[in-house]
Amino acid sequence: MSSLTSPSGKDCPFHQFLAISFFIVPPLLLPPLRKLLNTPPPCPSPNLDHNSPVSSTVSSVLAAVSSCSKALRSTTLAGAKAGSTNTSGDDQLSVDLLTDALSFASLRSCDDVKFCISEETPTYVSANKGGTVAVSFDPLDGSSIMGPNFAVGGIYALWPVGSGEDDLQGRRGDEALASVVAVYGSRTTAFVSVKGRGCSELTLTDGGWTVTRPKVEISSAAKIFAPGNLRATKGHPGYKRAVDMWIAEGYTLRYTGGMVPDVCHILSKGGGVFSNVATEGAKQKLRFLYEVAAIALMVEEAGGLYLDESGGRVLERTVEDVDMRVGGVAGSRDEVMKCVEAMK
């Protein structure tokens, strides 16, 4: 069989070629033909300047989320392994590759996007030379819990880029311009956060995206906890103290195993705390570039806090490499500080 090529120009297996054939070919055609693609409707989120590169990029992200939502609701591939791994060694599922292809298709058709990179395709993929925005994303966070039909999500971070820049190396998290965090559950929602302009919730309806909460806010305290990577309590006495504290104080456990639904539950309820701590025996899985930076921006714009295990602000971390991993605690400010203090 002749070689098949992925969005990044690398060889890919036949199942990925099928996804690309059906979903990503149009945006990769010659530029004049790409212009024939429908322009996505503008994002209605009230925290956007609707004549800006950020707004057009967010609109393209929401178009990708719409396509992913439709595909996920009609696929029978949930839990099916694709027979490949990403460069980090993680098994890829067919739905990972499907949503990855759909996201690249939408983003590369946006004139304001210069390049993209994803957890499934962790190389910088060129989009449009004149673009001023880069997008890093995890197209399907929590794909491993799709089998039992749990809610999953998509995470997208938008970054400013200049004419001579072709990667995000050395960028601080607080340089991110905006983020979109989508939840694929009984309904499809998206939290649109813009630096310095707050967080809004949108819901996908038959008529497109509708603003359901113009301003999302997290209270300073709420007795809800979502403890990720609980195996780490075996080798991390401080983390065990924090978990024991939550149980002893009668906190409500709300944990699915997916970062997006667990953190977005906190935004929906108006408060709570999410944690993900690692040890040598229970390694960290959350990647800064594709997941943590976007989630941290969302949490902070809603009035919350996201600190690393040492108590440092996550958004002050810099991109060291495309696989950089960061643990930490996110949610209501008082709850986050209380957890970090317990872990000392």
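Note on numbering: residues in each chain are counted from 1, in written sequence order. It should be noted that, the model being predicted, local features are given only for residues of pLDDT at least 70 and side-chain atom pairs only at 80 or more, the latter also being counted only at that level, while totals for whole chains, interfaces and linings use all residues. In computing side-chain values, all of the structure's heavy atoms are included and hydrogens and water are not.

S.K.: Give me the nonpolar core: which residues, what numbers.
M.R.: Ile295, Met298 and Tyr306 are the most contacted members of the largest nonpolar core, which totals 43 residues. Of all elements in the fold, only strand 3 (113-118), strand 6 (152-160), strand 7 (178-184), helix 7 (259-269) and helix 8 (288-301) reach the threshold of two or more residues within this core. Counting residues per element, this core draws most heavily on helix 8, which supplies 11 residues. Setting aside residues no more than four positions away along its own chain, Ile295 makes contact with Ile155, Val181, Met259, Val263 and Tyr306. The term nonpolar core refers to a set of buried residues drawn from Ala, Val, Leu, Ile, Met, Phe, Trp, Tyr and Cys, joined through side-chain atoms within 4.5 Å. Here's how the labels work: a residue is buried when its accessible area is under 20% of the maximum for its type, exposed when over 50%, partly exposed in between, all with a 1.4 Å probe on protein chains only. One finds Cys43, Leu140, Tyr156 and Leu158 within the second-largest nonpolar core, a separate group that totals 39 residues. We count a stretch as a helix when DSSP gives it H or I for four or more residues in a row; a strand needs E for two or more, and each element gets its number in order from the N terminus. The criterion used for residue contact is that any of the two residues' heavy atoms lie within 4.5 Å.

S.K.: Could you give me a rundown of helix 7, with the residues and numbers involved?
M.R.: Within helix 7, nine of the 11 residues are buried, leaving the element largely enclosed by the surrounding structure. Two residues or fewer past helix 7, Gly270 is found with a positive phi of approximately 90 degrees.

S.K.: Mind laying out helix 9 (residues 333-342), listing which residues take part and the relevant values?
M.R.: Buried residues of helix 9: Glu335, Val336, Cys339, Val340 and Ala342, and no others. For helix 9, the arc enclosing every buried residue in end-on projection is 160 degrees, short of the 170-degree limit, so these residues lie on one face. Where helix 9 is buried, its residues touch helix 6 (237-248), strand 13 (273-276), strand 14 (305-307) and strand 15 (328-331). Taken from the helix axis, the directions to the C-beta atoms give the arc we talk about.

S.K.: Explain the side chain of Thr121 to me, and be specific about the residues and the numbers.
M.R.: With respect to the helices and strands, Thr121 occurs in the loop between strand 3 and strand 4 (125-126). Residue Thr121 is classed as buried on the basis of its relative accessible area, which comes to 7%. Contacts described as polar in this section are N or O atom pairs within 3.5 Å, which, within protein, must combine one atom able to donate a hydrogen with one able to accept it, while residues neighboring in sequence count only if both atoms come from side chains. A distance of 2.7 Å separates the side chain of Thr121 from the side chain of Asp100, its partner in a polar contact.

S.K.: Requested: an account of the packing of aromatic side chains, with residues and values cited.
M.R.: Two aromatic rings from Phe, Tyr or Trp, using only the six-membered ring of Trp, form a pair when their centres are within 6.5 Å; if the ring planes differ by under 30 degrees the pair is stacked, by over 60 it is edge-to-face, and anything between is tilted. One pass over the full model with this rule turns up five aromatic pairs. Note on Phe225 and Tyr251: the rings are 6.5 Å apart at their centroids and 80 degrees apart in plane angle, and the pair reads as edge-to-face. Placement of Phe225 in strand 11 (residues 224-228) and of Tyr251 in the loop between helix 6 and strand 12 (252-253) is noted, with a sequence separation of 26 residues between them. Through a chain of ring-to-ring contacts, the aromatic side chains of Phe104, Phe137 and Tyr156 assemble into a single cluster.

S.K.: Provide a residue-level description of the layout of surface pockets, including the pertinent values.
M.R.: Lining residues are those with an atom within 4 Å of a point, where the points come from a 1 Å grid over the protein atoms alone and group into cavities, where a 1.4 Å probe fits but cannot get out, or pockets, open sets with protein on both sides within 12 Å along at least five of seven lines. Grid points are joined across faces, edges and corners, and a volume is the space filled by probe spheres set on the points. Quantified by volume, the second largest pocket comes out at close to 510 Å³. The wall of the second largest pocket is formed by 22 residues, among which Ala151, Val183, Tyr184, Gly185 and Ser186 lie closest to the centre. Counting residues per element, the ones that place at least two in the lining of the second largest pocket are helix 4 (53-74), strand 7, strand 8 (188-194) and helix 7. Per-element accounting of the lining of the second largest pocket gives the leading share, four residues, to helix 7.

S.K.: Run through the environment of Ser275, naming residues and quoting values.
M.R.: Along the polypeptide, Ser275 turns up in strand 13. Between the C-alpha atom of Ser275 and that of Asn229, which follows or precedes it by 46 residues, the distance is 8.2 Å. Filtering out sequence-adjacent residues up to four positions away, Ser275 remains in contact with Ala226, Pro227, Gly228, Tyr239, Trp246, Gly328 and Val329. Within the local environment of Ser275, its side chain forms a polar contact with the side chain of Tyr239, the two groups lying 2.8 Å apart.

S.K.: Which residues make up unusual backbone geometry, and what values do they have?
M.R.: The backbone of Asn149 shows a phi angle near 70 degrees, a positive value even though the residue is not glycine. Tracing the chain through its elements places Asn149 in the loop between strand 5 (133-141) and strand 6.

S.K.: Account for the pairing of strand 8, naming residues and giving values.
M.R.: The element strand 8 is extensively covered by neighbouring structure, given that seven of its seven residues are classed as buried. Because side chains alternate across strand 8, one face comprises the buried residues Thr188, Ala190, Val192 and Val194, and the other comprises Thr189, Phe191 and Ser193, equally buried. Alignment of strand 7 against strand 8, held across seven bridges, turns out to be antiparallel. Residue Ala178 lies in a different strand from strand 8, and its bridge partner there is Val194. The rule for pairing is simple: two strands pair if DSSP sees at least two bridges between them. Taking the residues between adjacent antiparallel strands as the criterion, strand 7 and strand 8 are bridged by three residues. Inspection of the sheet shows strand 8 paired to strand 9 (residues 198-205) by six bridges, in the antiparallel sense.

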